[in-house]
Amino acid sequence: MGALQIVGVHGIRQGSAATTAGLSDSWQTTLDATLSAEPGGGISAVVTVPSYQTVFPRTPTRFVRLGGQEAGALSDDAPIDEEEEAFILRSLAAYAPCAAEDESPESGLTLGEGPLTPRIVRRIQAVDRRMGKGVTGHILWLVREAHAYLRNEETAAAVRAAVAGALAATGARFVVAHSLGSVVFYDMLRRGEATEVTTLVTCGSPLGWLAGRKGIHTEDEPLAVPTGVEWTNLHAAKDFVTGCAGLSRFAAGVTDIEVNNGAFPFCHDVHRYLDKPALASLIAKARTA
């Protein structure tokens, strides 16, 4: 039996491994080690991770500081309009739903020339009070870039086309989607753009955010994938990108598996998910199906 073909859908901020070859090699190395540790051995899989960096480039950033401590990165040249502000506030509300909007910003927040609005500053501080100082800064860049995907249809279509091309070239029916990649691939499934896929593994997924489903899902309805797709979601208890929870409370038919990836922010790294025995078991099951 030949190697199982897998397509990976990456998140953002991929660093020096942003090419398709670099991403594929990086994921393959970790996956090979994971599969070699699976009881019984003999499992082989080839993973292809199409890069969409060229059509969804990393935006220029600067750092925002809370109390003199580095808290996160925001775009210098992309001011926040009312629509994006509403998206950010609703996304962060998943972490601090009872934040008081009339609080005055605390001292110690350096805004400089950046795009933050007073309401976003208050929400950042509310989330940090609840989740831990500096947490919001680590997730705010993902919130903004998720919004960029959902808002810009031309960019989103180009991202989906890159993934669809890899599926067609490899014939893969098994997909591993990490972080923003889970939003991208869920969007593809809902649009009927990945009809041959039978197994989906999401990991570190922000799909649980109510606002994060804007544009790809009808609110107040459960998330769902097409009949015939087996959906498993790996989530880490300290991965704040996921809201520190699985997707089963939002989704129909998903199987949540909690894994231990260590401390945030490292626990969101894709390799902390790829090295889990649970993923090796899913690959073994798909290969023998």
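Look up: the structure comes first, before these words.
In this text, all values refer to a predicted model and were calculated from it rather than measured experimentally.

Further remarks concern the overall build of the protein. Along the protein, the regular secondary structure elements total 8 helices and 9 strands. In the protein, which comprises 289 residues, the proportion classed as buried is 52%. Residue pairs at least 24 apart in sequence account for 74% of intrachain contacts in the protein once pairs closer than 6 positions are excluded. For the protein, the exposed surface amounts to about 12400 Å²; the carbon and sulfur share of it is 53%.

With respect to the helices and strands, Leu180 occurs in helix α6 (residues 180-191). Between the C-alpha atoms of Leu180 and Pro206, which are 26 residues apart in sequence, the distance is 7.0 Å.

For helix α2 (residues 82-92), the full list of buried residues reads Glu84, Glu85, Phe87, Ile88, Leu89, Ser91 and Leu92. On its buried face, α2 is in contact with α3 (118-131) and α4 (135-151). Of the residues that open α2, the one with a side-chain oxygen 3.3 Å from the backbone nitrogen of Glu83 is Asp81.

This model, assessed by the stated rule, comprises 3 aromatic pairs. Ring geometry for Tyr52 versus Phe56: centroids 6.2 Å apart, planes at 90 degrees, classification edge-to-face. Classification of Tyr52 as buried rests on a relative accessible area of 1%. Look at Phe56 and you get buried, because its relative accessible area is 7%. Ring geometry for Tyr95 against Trp209: centres 6.3 Å apart, planes inclined by 70 degrees, an arrangement best described as edge-to-face. Of the two residues, Tyr95 is situated in the loop between α2 and β5 (109-110) and Trp209 in the loop between β7 (199-203) and β8 (230-236); the sequence distance between them amounts to 114 residues.

Once that is clear, we can look at the pairing of strand β6 (residues 174-178). Most of β6 is tucked away, with 5 of its 5 residues classed as buried. Residues Phe174, Val176 and His178 of β6 are buried on one face, and the alternating residues Val175 and Ala177, pointing to the opposite face, are buried as well. Note that strand β1 (residues 4-9) and β6 share 4 bridges and pair parallel. Each bridged residue has a counterpart across the sheet, and for Val7 the counterpart in β6 is Val175. Strand direction decides the pairing type here: β6 and β7, joined by 5 bridges, are parallel.

Taking strand neighbours across the sheet as the criterion, the 6 strands line up as β2-β1-β6-β7-β8-β9 in an open arrangement whose pairing is parallel. Either end of the sheet is taken by a strand with one partner, and the two such strands are β2 (45-48) and β9 (254-259). Recorded for the sheet is a direction-independent mean angle of 20 degrees between the axes of neighbouring strands. Strands β1, β2 and β6 of the sheet are contacted by helix α5 (residues 153-170), whose axis makes an angle of about 175 degrees with β1. On the sheet, helix α8 (residues 277-288) packs against β1, β2, β6, β7, β8 and β9 and is oriented at approximately 160 degrees with respect to β6.

On to the pairing of β8, then. In terms of burial, β8 is largely enclosed, as 6 of its 7 residues are buried. Bridging between β7 and β8 involves 5 bridges; their strand directions are parallel. By the bridge assignment for β8, Thr199 is matched with Glu230. As judged from the 6 bridges shared by β8 and β9, these two strands associate in the parallel manner. Of the residues in β9, the one forming a bridge with Trp231 is Val254.

So, how was this worked out
Residues numbered from 1 in each chain as written. Predicted model: local features only at pLDDT ≥ 70, side-chain atom pairs only at ≥ 80, totals over all residues. Heavy atoms only, no water. Helix = DSSP H or I, 4+ residues; strand = E, 2+ residues; numbered from the N terminus. Buried < 20%, exposed > 50% of the residue type's maximum accessible area, 1.4 Å probe, protein only. Contact = heavy atoms within 4.5 Å. Areas by Shrake-Rupley, 256 points an atom, 1.4 Å probe, with all protein chains shown as cover. Polar contact = N/O pair within 3.5 Å; in protein donor to acceptor, adjacent residues only side chain to side chain. Phe/Tyr/Trp six-rings, centres within 6.5 Å; stacked < 30°, edge-to-face > 60°. Pairing = 2+ DSSP bridges. Axes fitted to C-alpha atoms, helices over the stretch in contact; angles between N-to-C directions.

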